[in-house]
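For reference, the chains in residue letters:
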Amino acid sequence: MAAGFAIAGAAQAAADVDVVIIGAGAAGLAAGHALKAGGRRAVLLEARGRIGGRAFTDTSLGPAYDAGAMFIHWAETNPWVEIARELGVPTAPESWGGGFRAYADGRPMQDSDRRRRREAFRQIDRRLETDAIGKRDLSVAQLLGDLGPDMAPVASSGLLLSIGEESDRISARDYQRLWSGEDLIVPSGYGALVARHGAGLDIRLNQPVEEIRWDGPVVAVTTASGTLTARACIVTVPVGVLKAGAIRFVPALPTQTQGALAGLQMGALTKIALKTEGDRFGVEPGTTLIEAGKPEEMISFDMYPDGKDIVIGYCGGDFARKLSQAGTQAARDHATGLLARMVGEDFRETVKACSFPAWWTDPYAKGSYSVCAPGHDGAREALARPIGGKLLIAGEATAGGGAMTVGGATLAGRAAAATLLKLKA
């Protein structure tokens with residue numbers, strides 16, 4: 001048994017393994033590899049029947065698409081560029097193919113309205129690049145408030161497709177911190193790449209954790225299969241799952257940790273994938289069609305990406321939550337109806353199936369990724385602090401400027417493992 005973990009004064013207590021990692025998404029895999037390289041025995045308990053978490057390449061429609069994470073963001077420093085290279089998985093620059101077409105209520109948007117929208121979108125970056133935030137951690141909505149009731153919703157609507165949340169619930173300061181850079185895609189699937197990265201780790205699938213008891217000399221983690229003890233535990237489940245109380249902590253998490261969780265919520269970026277056959281109505285593969293007649297219900301369609309017989313719709317915020325709760329058929333009907341107005345009523349006949357990941361209602365996600373609430377810009381850092389010498393929470397929510405990304409989750413998982421490896425008995 002490997003030693004070296006500071007566990008509340010009981011570093012020599014008997015345990016089944018050195019570390020139990022809850023979750024086999026990007027953060028869990030990163031922590032597992034780092035601990036293995038450090039000579040520690042780690043077991044990953046994953047609630048789903050697959051590896052990858054919110055990085056998932058869906059093949060249920062035939063043509064593959066990434067139902068969750070899609071881009072290797074800030075590729076200049078993102079660890080997944082090197083991981084892909086080591087695994088021999090090609091990456092490629094982001095490409096928009098056939099360009100953009102904007103619509104309002106299914107009709108082509110007038111040029112004057114398109115110019116107005118472009119100018120509104122520029123306002124977010126302009127204001128974040130200045131000192132407009134000041135000493136208070138404002139919401140993005142407050143930052144844009146002086147644009148007026150007509151322009152402010154338009155300016156913030158783009159956040160529904162990037163952050164997946166309403167602008168009055170997004171910390172402007174946290175948003176300002178997010179890293180940027182070149183974006184790459186993984187033609188064979190980002191989720192498939194993440195799943196491959198799990199090779200060589202002790203991962204146990206279909207093991208939703210019910211309880212984590214950390215008041216003794218070891219951590220006891222209970223699933224329906226029984227209880228596993230460890231000298232330490234890294235919890236990498238999404239913030240939404242933690243906030244829902246799906247895992248019982250005994251004793252309860254410290255007040256500081258609960259306060260950090262209270263300052264974070266889950267966005268609802270959602271994809272609707274339609275399998276199509278036949279006529280493409282003159283639409284070039286890779287064209288983006290955006291329905292923006294109602295800013296709060298904005299939805300973007302990626303038409304026939306890479307020439308595949310598939311159309312992928314993107315929406316976010318409260319509108320996406322309502323669709324998620326309504327279910328797959330409602331999502332299919334809504335997307336199909338919009339596209340029929342955009343490209344022609346015969347589009348309905350080309351739709352053969354629908355995949356609707358609906359992360360907001362997924363019990364093992366409870367949303368797309370973490371969003372920091374206004375006034376809580378220190379929540380990510382606070383959530384990452386070690387708990388009682390034996391618990392750590394890690395994931396995209398604790399990744400600082402890398403939040404909301406697979407790369408950030410990976411860095412957070414590595415950091416959590418490094419913290420444990422540095423602790424000495």
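Cut-off values and rules
- Residues numbered from 1 in each chain as written.
- Predicted model: local features only at pLDDT ≥ 70, side-chain atom pairs only at ≥ 80, totals over all residues.
- Heavy atoms only, no water.
- Helix = DSSP H or I, 4+ residues; strand = E, 2+ residues; numbered from the N terminus.
- Expected span 1.5 Å × (residues − 1).
- Buried < 20%, exposed > 50% of the residue type's maximum accessible area, 1.4 Å probe, protein only.
- Contact = heavy atoms within 4.5 Å.
- 1 Å grid on protein atoms, 1.4 Å probe; cavity = no way out; pocket = protein on both sides within 12 Å on 5 of 7 lines; lining within 4 Å.
- Points joined across faces, edges and corners; volume = space filled by probe spheres on them.
- Nonpolar A, V, L, I, M, F, W, Y, C, P; charged D, E, K, R; others polar.
- Pairing = 2+ DSSP bridges.
- Salt bridge = Lys/Arg side-chain N within 4 Å of Asp/Glu carboxyl O.
- Axes fitted to C-alpha atoms, helices over the stretch in contact; angles between N-to-C directions.
- Parallel < 35°, antiparallel > 145°, perpendicular 65-115°, else oblique.

Undergrad: Quick rundown of helix 11 (residues 328-343)? Include the residues and the values.
TA: Over its 16 residues, helix 11 runs 22 Å from end to end, which matches the ideal 22 Å to within 8%, given 1.5 Å per residue. Those residues of helix 11 lying buried are Ala331, Ala335, Thr336, Gly337, Leu338, Leu339, Ala340, Met342 and Val343. Once helix 11 finishes, Gly344 follows within two positions and takes phi at roughly 130°, a positive value.

Undergrad: How would you summarise helix 14 (residues 406-422) if you had to cite specific residues and measurements?
TA: Taking 1.5 Å per residue, 17 residues should reach 24 Å; helix 14 reaches 24 Å between its end C-alpha atoms and fits that length. Of the positions making up helix 14, those classed as buried are Val406, Gly407, Gly408, Ala409, Thr410, Ala412, Gly413, Ala416, Ala417 and Leu420. Check the buried side of helix 14 and you find it contacts strand 1 (17-22), helix 1 (26-37), helix 2 (79-87), helix 7 (190-196), strand 13 (226-235) and strand 22 (391-393).

Undergrad: Describe in detail unusual backbone geometry, supporting the description with residues and values.
TA: Note that the residue after Val250, namely Pro251, is joined by a cis bond; omega there is -5°. You will see that Ala358, though not glycine, has its phi angle at about 45°, which is positive. By secondary structure assignment, the location of Ala358 is in the loop between strand 20 (351-355) and strand 21 (370-372).

Undergrad: An account of the layout of surface pockets is requested, with residue identities and associated values reported.
TA: Its volume calculated, the second largest pocket comes out at about 160 Å³. Considering each element in turn, the lining of the second largest pocket owes the most residues, four residues, to helix 5 (residues 148-157). Tallied by class, residues from the lining of the second largest pocket come to six nonpolar, three polar and four charged.

Undergrad: Which residues make up empty space enclosed by the protein, and what values go with them?
TA: Summed over all chains, the structure comprises one cavity of 30 Å³ or more. Space inside the largest cavity adds up to approximately 70 Å³. Considering the residues around the largest cavity, the lining is formed by 13 residues, among which Val237, Val239, Ala394, Gly395 and Ala397 are closest to the centre. Class assignment of the residues belonging to the lining of the largest cavity gives a composition of eight nonpolar, three polar and two charged.

Undergrad: So, the sheet that holds strand 8 (residues 107-108): which residues are in play, and what are the values?
TA: Spatial strand order, 8-7-17-18-19-16-20: seven strands in an open sheet with mixed pairing. Of all the strands in the sheet, just strand 8 and strand 20 have a single pairing partner and so form its edges. Of the strand pairs in this sheet, strand 7 (residues 100-104) and strand 8 are connected by two bridges, and their pairing is antiparallel. Across the sheet, residue Ala104 finds its bridge partner in strand 8, namely Arg107.

Undergrad: Describe the pattern of salt bridges, with residues and values.
TA: Under the criterion given, the structure shown has 19 salt bridges. Residue Arg248 is joined to Glu211 by a salt bridge in which the shortest nitrogen-to-oxygen separation is 3.0 Å. Within this pair, whereas Arg248 is found in strand 14 (residues 248-250), its partner Glu211 is found in strand 11 (residues 209-213), the two being separated by 37 residues in sequence. Classification of Glu211 as buried rests on a relative accessible area of 14%.

Undergrad: Describe the packing of helix 2 against helix 14, naming the residues involved and giving the relevant values.
TA: Taken N-terminus to C-terminus, the directions of helix 2 and helix 14 make an angle of 90°; their axes are 8 Å apart at the nearest point. Considering the angle they form, helix 2 stands roughly perpendicular to helix 14. Residue-level inspection shows Pro79, Trp80 and Ile83 of helix 2 in contact with helix 14, the latter providing Val406, Gly407, Thr410, Leu411 and Arg414.

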